[in-house]
Amino acid sequence: MKQDIYKGICNGKATAHKAFAVLVDPDKLDEISLLNTIALAVEAKVDYFFVGGSLVVTDTLDKVVSAIKEKCNIPVILFPGSPDQITPKADALLYLSLISGRNPELLIGQHVISAPFVRQSGLEIMPVGYMLVDGGTPTTVSYISNTNPIPANKNDIASCTAMAGEMLGLKLIYMDAGSGAQKAIPTAMITQVAKYISIPLIVGGGITTADKAKENCLAGADVIVVGNAVEKDPNLIKEIAAAIHSLNK
Ligand code: 1GP
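For clarity, every value in this text was computed on a predicted model and none was experimentally measured.

1. Thoughts on the site of the ligand
Okay, step 1: As a structural note, the neighbourhood of the ligand is formed by 13 residues, with Asp-176, Ser-179, Gly-180, Gly-206 and Gly-227 the closest of them.
Okay, step 2: Between the ligand and the protein, one listed contact pairs an oxygen atom with a side-chain N or O atom of Ser-179 at 2.6 Å.
Okay, step 3: Here the ligand has 300 Å² of accessible area as a free molecule, and 97% of this is covered by the chains.

2. Considering the pairing of strand E2 (residues 48–51)
Okay, step 1: On E2, burial covers both faces: Tyr-48 and Phe-50 on one face and Phe-49 and Val-51 on the other are all buried.
Okay, step 2: Summarising the sheet, strand E1 (residues 19–24) and E2 pair through four bridges and their orientation is parallel. What sits directly across from Ala-21, in E2, is Tyr-48.
Okay, step 3: A crossover connection joins E1 to the parallel E2 through helix H2 (residues 31–43); in handedness this β-α-β unit is right-handed.

3. Considerations on the packing of aromatic side chains
Okay, step 1: Following the criterion strictly, the structure yields five aromatic pairs and no others.
Okay, step 2: The interplanar angle of 70 degrees and the centroid separation of 5.8 Å between the aromatic rings of Phe-79 and Tyr-130 together place this pair among those described as edge-to-face. Highlighted residues: Phe-79 in the loop between strand E3 (76–78) and strand E4 (92–98) and Tyr-130 in strand E5 (residues 124–132), separated in sequence by 51 residues. Neither residue differs from the other here; Phe-79 and Tyr-130 are each classed as buried.

4. Quick notes on the side chain of Thr-161
Okay, step 1: With respect to the helices, strands and loops of the structure, Thr-161 is situated in helix H6 (residues 155–167).
Okay, step 2: For Thr-161, a relative accessible area of 12% puts it in the buried group.
Okay, step 3: Once residues within four sequence positions are removed from consideration, Thr-161 is found in contact with Ile-99, Ser-100, Met-131 and Ile-150.

Rules behind the numbers
Residues numbered from 1 in each chain as written. Predicted model: local features only at pLDDT ≥ 70, side-chain atom pairs only at ≥ 80, totals over all residues. Heavy atoms only, no water. Near = heavy atom within 4 Å. Polar contact = N/O pair within 3.5 Å; in protein donor to acceptor, adjacent residues only side chain to side chain. Areas by Shrake-Rupley, 256 points an atom, 1.4 Å probe, with all protein chains shown as cover. Buried < 20%, exposed > 50% of the residue type's maximum accessible area, 1.4 Å probe, protein only. Helix = DSSP H or I, 4+ residues; strand = E, 2+ residues; numbered from the N terminus. Pairing = 2+ DSSP bridges. Right-handed = clockwise from strand over helix to strand, strands pointing away. Phe/Tyr/Trp six-rings, centres within 6.5 Å; stacked < 30°, edge-to-face > 60°. Contact = heavy atoms within 4.5 Å.

Function-wise, these values are silent; they only describe arrangement.
Right, dumping it as structure tokens:
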């Protein structure tokens, strides 16, 4: 099984090289905006594209992934809201288990149903402990997943959940306040979770400024994901990338 992208993320963690992932929701970008986003991402040396959404209502996933692959070498990692958001045209798949929730379908059920198809895709599979953290308002992901997010002030619940995920063999932890969250994940929670795990930590949801992205990296995030804010203002890509990469030697 391929492991190149995961190895890259682990090397990043080992060498304190912080990474920036731009999240593209295939429903939200028209062709011109997508091409503009790709050009800006290349210029800013963005590390990864994440592609997906909790609810994708159009059939543009393939087209979006193909367009990114045609125009640049930035790895495309699928961030699927459901098993039908998978295309072999991407490079890798965040194989998410929603470990903050108690919905068996999203812990293991849908994985079982889609396993043969996922394996056949040839994608690099990255098993992820996905943790939803309360971002102030109900997000699409909390509604769709029918799970309660971890309260934003319960750092112990977050660190114990992440530790359990790591001990179960998951290879990444993704803490997410949900797309468009009112409040990003508190720094104190990121610090505590990072302290208790040795696998790479991805953080996203409600990050709207370069300062916040940098602060999260300093707290222990290895990969920062931004979607909504760069959809609204694509020029933020350069600003956020520069802030994150300024921490790298
Ligand atoms: C959502 O972590 C991602 O799952 C990104 O969130 O769209 O709020 O940046 P935003």
